[in-house]
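Structure assessment
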Amino acid sequence: TKFLFATTNQGKARELKQAFSDQGIAAEILTNGDLTNPPKVAETGATFEENAKLKAQALADYSGLITISDDSGLMVDYLNGEPGVRSARYAGDHDDTANNAKLLANLGGVPENKRSAVFKTVIVVARPNQPEKDLVVSGECRGRIGIMPQGDDGFGYDPLFFVPEKGKTFAEMTTSEKNSISHRGRAIAKLLQELPAWLEE
Ligand code: ITT
């Protein structure tokens, strides 16, 4: 089977491809970078689900392929849920270094027991020109924001997202280990459960 993963984020693509291969699923997964002049989708929705639907439908209609999208974000309890849907644009537009620095600065002096946070992913699958038939799944992972960055793997806020059960940050995990516990890994697990029946519809 051939899918388009409607993303410009190579970190997300790496995790989805790893999850498929860990499950022994042979699929060809293209991303926006494999298309000629893919549309840039403005993430104008108020929720992860709305934004994921906007991305999946726009790229499905453009490519004619069954299209998977992912909209994700980090909600920090002490910051009343910030950065939330604005996670990619918190400090600079898709500037991970600036975003992480702003998050650390906004939590300056806040003790460990008040640094709790949750990562959330909504994944949508869309068929070209059939917006009413989307498949929607989601996943969450709770953890806390570290005092300083730790680890070199992963992307985005990974060096700051500490998972107590594992005793390390997402950036200190392999892709498969991160998938076993992360918001995205959990959403992908549900996707893999529901996708076969949805494809039969
Ligand atoms: P696409 O919309 O093209 O898929 P994006 O990077 O813009 O890529 P989002 O709109 O979902 O993705 O923004 C999510 C933000 O949260 C972005 O800054 C990511 O770096 C960050 N993020 C998402 N998932 C993450 C993860 O598993 N670990 C660390 N940071 C993550």
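Conventions and cut-offs
Residues numbered from 1 in each chain as written. Predicted model: local features only at pLDDT ≥ 70, side-chain atom pairs only at ≥ 80, totals over all residues. UniProt positions renumbered as here; feature names shortened; annotations may be inferred. Core = buried A, V, L, I, M, F, W, Y, C linked by C-beta atoms within 7 Å. Buried ≥ 20, exposed ≤ 12 C-beta atoms within 10 Å, placed from the backbone. Helix = DSSP H or I, 4+ residues; strand = E, 2+ residues; numbered from the N terminus. Contact = placed C-beta atoms within 7 Å. Near = placed C-beta within 6 Å. Nonpolar A, V, L, I, M, F, W, Y, C, P; charged D, E, K, R; others polar. Pairing = 2+ DSSP bridges. Right-handed = clockwise from strand over helix to strand, strands pointing away.

The name an unreviewed UniProt entry assigns to the chain is dITP/XTP pyrophosphatase, from the organism Lactobacillus corticis. The UniProt entry for the chain carries this comment under Sequence similarities (unreviewed entry): "Belongs to the HAM1 NTPase family." The Subunit (unreviewed entry) field of the UniProt record for the chain holds the comment "Homodimer."

Some details on the nonpolar core
The nonpolar side chains of soluble globular proteins are, as a tendency, buried together. Counting residues in each nonpolar core, the largest one holds 24 residues, and the members touching the most others are A56, I68, I123, V124 and V125. Of all the secondary structure elements, the ones that give two or more residues to this core are β1 (2-5), α1 (10-22), α2 (48-63), β4 (116-126), β5 (135-145) and α5 (183-200). If sequence neighbours within four positions are ignored, V124 has contacts with A52, K53, A56, S69, D134, L135 and V136. By size, the runner-up hydrophobic cluster in this structure holds 17 residues, among which are V76, F119, F170 and A171.

Details of the site of the ligand
Of all residues adjacent to the ligand, which total 22 residues, the nearest are T7, N9, S87, A88 and G156. Sorting the residues of the shell around the ligand by element identifies β3 (67-76) and α3 (96-106) as the ones contributing at least two each. Sort the elements by how many residues they give to the shell around the ligand and β3 lands first, with 4 residues. Partitioning the shell around the ligand into residue classes produces 4 nonpolar, 11 polar and 7 charged.

Focus on the pairing of strand β2 (residues 28-31)
With 4 bridges connecting them, β1 and β2 associate as parallel partners. Bridging across to β2, K2 finds its partner in E28. A crossover connection joins β1 to the parallel β2 through α1; in handedness this β-α-β unit is right-handed.

Overview of the pairing of β3
Burial analysis of β3 places 9 of its 10 residues in the buried class, which makes it a mostly covered element. Note: β1 against β3, 2 bridges, orientation parallel. Note on β3: the bridge partner recorded for F5 is I68. Relative to β4, β3 runs antiparallel, the two sharing 10 bridges. Looking at the pairing, S72 lines up with T121 of β4.

Some thoughts on the environment of G92
Looking at where G92 falls in the secondary structure, it is placed in the loop between β3 and α3. Separated by 28 residues in the primary sequence, G92 and G64 place their C-alpha atoms 33 Å from one another.

What to know about unusual backbone geometry
Looking along the chain, the bond that leaves E82 and enters P83 is cis, with omega of -5°. Secondary-structure assignment places P83 in the loop between β3 and α3. Backbone geometry places N80, a non-glycine residue, at a positive phi of 55°. By secondary structure assignment, the location of N80 is in the loop between β3 and α3. Given 8 C-beta atoms within 10 Å, N80 falls into the exposed group. If you check the backbone angles, N129 has positive phi at about 60° while not being a glycine. With respect to the secondary-structure elements, N129 resides in the loop between β4 and β5. Residue classification places N129 among the exposed positions, given that 9 C-beta atoms sit within 10 Å.

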